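# Overview (structure and organization)
Residues per chain, in single letters:
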Amino acid sequence: MRTKTVATLLISFFLTTLWAGYSFAEPKDPCREAGIIVKNLTTRNLWYKHKDGACYIWVKNHIFAIKPGGDIGIFSDLTCETNYCKDNPVYKDYKATDGNGDCRVRILPDCRLSDM
């Protein structure tokens, strides 16, 4: 009987220790609040707009920030009608490109994303 009690206590202690080190919370995203900085390194001026907002010039070597849920289109014309990228990148794409976790990426010619 005493062996069962000791075994139960050891198993309980082991499971409690195991679960205490595990977090059920979503992993922290250090880029969530300020967004990911995207720098235009395409060697040409582009244009961008937020969802249905105004169209802005995106001068080469300049940046914009995108936050989770943000919808920023990148265009090759000043009327924001011709997409620069075949599939417009979204926050998730930029986040996946940010290999060093500093919340900064660059867009290169032909809409290639690269860590900065």
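Preceding block: the structure.
Below you will find a few notes about this structure. (Residues numbered from 1 in each chain as written. Predicted model: local features only at pLDDT ≥ 70, side-chain atom pairs only at ≥ 80, totals over all residues. Heavy atoms only, no water.)

### A look at the state of the cysteines
Any covalent bond linking the sulfur atoms of two cysteines counts as a disulfide. Tallying each qualifying case throughout the model produces three disulfides. For Cys-31, the disulfide goes to Cys-103, at an S-S distance of 2.0 Å. Sign of the S-S torsion, about -90° for the bond between Cys-31 and Cys-103, identifies this disulfide as left-handed. A residue pair is termed long-range when its members are at least 10 positions apart, and Cys-31 in the loop between helix H1 (2-20) and strand S1 (36-40) and Cys-103 in the loop between helix H2 (91-97) and strand S6 (104-108) qualify at 72 residues. For the pair Cys-31 and Cys-103, a shared accessibility class is recorded, and that class is buried. (Disulfide = S-S within 2.5 Å. Helix = DSSP H or I, 4+ residues; strand = E, 2+ residues; numbered from the N terminus. Buried < 20%, exposed > 50% of the residue type's maximum accessible area, 1.4 Å probe, protein only.)

### Side note on the side chain of Asp-98
Looking at where Asp-98 falls in the secondary structure, it is placed in the loop between H2 and S6. One polar contact links the side chain of Asp-98 to the main-chain amide nitrogen of Asp-102, over a distance of 3.4 Å. Excluding anything up to four places from it in sequence, Asp-98 contacts Cys-31, Cys-103, Arg-104, Val-105 and Asp-115. (Polar contact = N/O pair within 3.5 Å; in protein donor to acceptor, adjacent residues only side chain to side chain. Contact = heavy atoms within 4.5 Å.)

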